Amino acid sequence: SGINFDNYDDIPVEASGENVPEPVVDFTSPPLDELLLENIKFAHFVKPTPVQKYSIPIVAHKRDLMACAQTGSGKTGGFLFPVLSESFFTGPSEIPESARGSYMRKAFPTAIVLAPTRELATQIFDEAKKFTYRSWVRPTVVYGGSDVGSQMRDLDRGCDLLVATPGRLNDLLERGKISLVKVKYLVLDEADRMLDMGFEPQIRNIVEGCDMPSVENRQTLMFSATFPVNIQHLARDFLSDYIFLSVGRVGS
Ligand code: ADP
Ligand code: MG
């Protein structure tokens, strides 16, 4: 599977919801952050894939998103590009007064990406490193089955965008190592696989923890290869006034 980059413009896209923003035709219209555009060029990405064409303006218009698209369709850029662009522009956020001087350093990520496995989390983290090159945004990755102490030291080096498997993130939340009070973007990547793996309770806990009155208009973005009934329910519970995007043929 995967996308054929020669004729991907022919892939049918269905977008529904209230006031669907117009898709972009290339990476420069409307402009993504300049530094991000340079990093996209370094990666030899010439033009956006269909899911990216739609997701970039949807996220920029501060909408929630449920996107269904097959593996290899460029979903990672679909959330990283608009989230990073906005983050580069906004700049680092302040650590809350209440957390200063506490005995343990806490991480206050502004964007969280949940992924089902260590392998997928690492892939997203590697892309995030590429696209945050020379920016102030520090990506970090945490996953289960690996030494939590070394991941806590990674978090101490700074963490703006956190890529995590749901189990390990819950573990670090219980330890008080991570705070969700600054989370502006919550991305559920491969949501169908996360449910198949039994992560629903951990995901619900994280989503609830992100509902902070301190954050104006948190956005939740869900990505999935399929759209079965359990994902439809999750979308109904987690998203508000969202755009539904379906790229290519999507199974349920
Ligand atoms: P998905 O998450 O939908 O499975 P990925 O985001 O992993 O897809 O992208 C699949 C492959 O296509 C990756 O190797 C990625 O680097 C590449 N890719 C994604 N977007 C573009 C683009 N706009 N131009 C060129 N290559 C791209
Ligand atoms: Mg992916």
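Just above, that's the structure.
Calculation rules
- Residues numbered from 1 in each chain as written.
- Chains lettered and ligands numbered in written order.
- Predicted model: local features only at pLDDT ≥ 70, side-chain atom pairs only at ≥ 80, totals over all residues.
- Heavy atoms only, no water.
- Helix = DSSP H or I, 4+ residues; strand = E, 2+ residues; numbered from the N terminus.
- Rg over C-alpha atoms; globule rule 2.2 N^0.38 Å.
- Buried < 20%, exposed > 50% of the residue type's maximum accessible area, 1.4 Å probe, protein only.
- Contact = heavy atoms within 4.5 Å.
- Areas by Shrake-Rupley, 256 points an atom, 1.4 Å probe, with all protein chains shown as cover.
- Lys, Arg positive; Asp, Glu negative; His and termini not counted.
- Charge placed at Lys NZ, Arg CZ, Asp CG, Glu CD.
- 1 Å grid on protein atoms, 1.4 Å probe; cavity = no way out; pocket = protein on both sides within 12 Å on 5 of 7 lines; lining within 4 Å.
- Points joined across faces, edges and corners; volume = space filled by probe spheres on them.
- Phe/Tyr/Trp six-rings, centres within 6.5 Å; stacked < 30°, edge-to-face > 60°.
- Salt bridge = Lys/Arg side-chain N within 4 Å of Asp/Glu carboxyl O.
- Near = heavy atom within 4 Å.
- Polar contact = N/O pair within 3.5 Å; in protein donor to acceptor, adjacent residues only side chain to side chain.
- Sits in = over half its atoms within 2 Å of the grid points.
- Arc of directions from axis to C-beta.

J.: How would you explain the overall build of the chain if you had to name every residue and give the values?
T.: What the chain contains, in helices and strands, is nine helices and eight strands. Against the 2.2 N^0.38 benchmark of 18 Å for 252 residues, the chain shows a C-alpha radius of gyration of 17 Å, consistent with a compact globule. With 252 residues in all, the chain has 51% of them scored as buried. In the chain, the proportion of contacts linking residues at least 24 apart, taken out of those at least 6 apart, comes to 78%. On the chain, roughly 11,900 Å² of surface is accessible, and the fraction owed to carbon and sulfur atoms is 50%. For the chain, the distance from the average site of its 26 positive side-chain charges to the average site of its 33 negative ones is 6 Å.

J.: How would you summarise the environment of Gly144 if you had to cite specific residues and measurements?
T.: Position of Gly144 relative to the elements: it lies in the loop between β4 (139-142) and α5 (148-156). For Gly144, a relative accessible area of 36% corresponds to the partly exposed category. Remark: the alpha-carbon pair of Gly144 and Leu37, spanning 107 residues in sequence, is separated by 33 Å. Residue contacts for Gly144: discarding those within four places in its chain leaves Thr165 and Arg168.

J.: Tell me what's going on with the layout of surface pockets, and back it up with residues and numbers.
T.: Of the pockets and cavities examined, the largest pocket occupies roughly 410 Å³. Around the largest pocket sit 21 residues that line it, and Gly72, Ser73, Gly74, Lys75 and Thr76 are the ones nearest its centre. Secondary-structure elements contributing two or more residues to the lining of the largest pocket are α3 (75-90) and α4 (118-131). In terms of residue count, the dominant contributor to the lining of the largest pocket is α4 (four residues).

J.: Give a description of the packing of aromatic side chains that names residues and reports values.
T.: Enumeration over the complete set of coordinates arrives at seven aromatic pairs. Between Phe81 and Phe131, the ring centres sit 4.9 Å apart and the planes meet at 90 degrees, which makes this aromatic pair edge-to-face. Within this pair, whereas Phe81 is found in helix α3, its partner Phe131 is found in helix α4, the two being separated by 50 residues in sequence. Accessibility expressed as a relative area gives 0% for Phe81, which makes it buried.

J.: A description of the pattern of salt bridges should follow, citing residues and the corresponding values.
T.: Opposite charge on two side chains permits them to pair, given that their charged atoms come into close proximity. By the definition in use, this model includes 15 salt bridges. Between Arg193 and Glu190 there is a salt bridge, with its nearest N and O atoms 4.0 Å apart. Among the charged side chains, a salt-bridge network with shared partners connects Glu200, Arg204, Arg236 and Asp237.

J.: Which residues make up the environment of Leu84, and what values do they have?
T.: You can see Leu84 is positioned in helix α3. Taking relative accessible area as the criterion, Leu84 reaches 0% and is therefore assigned buried. Put simply, Leu84 and Ser102 are 18 residues apart on the chain and 29 Å apart in space, counted from C-alpha to C-alpha. If we skip the residues at most four places from it in the chain, Leu84 touches Leu36, Phe131, Thr132, Val137 and Leu161.

J.: Mind laying out the site of ligand 1, listing which residues take part and the relevant values?
T.: Inspection of the region around ligand 1 gives 14 residues, with Lys47, Gln52, Gly72, Lys75 and Thr76 positioned closest. Here an oxygen atom of ligand 1 sits 2.9 Å away from a polar atom, N or O, in the side chain of Lys75. Relative to its unbound accessible surface of 560 Å², ligand 1 loses 74% to contact with the protein. With respect to the pocket detection grid, ligand 1 is positioned in the largest pocket.

J.: Tell me about helix α8 (residues 200-210), and please be specific about residues and values.
T.: An α-helical segment advances 3.6 residues per turn. Residues three or four places apart therefore align on the same side. Of all the positions in α8, only Ile203, Ile206, Val207 and Cys210 are classed as buried. Viewed end-on, α8 has its buried residues packed into an arc of 100 degrees, placing them on one side of the element. Away from its buried face, by an angle of more than 90 degrees, α8 presents the exposed residues Pro201 and Glu208. The inward-facing, buried residues of α8 contact β3 (111-114), α6 (166-174), β6 (185-188), α7 (191-196) and α9 (229-238).

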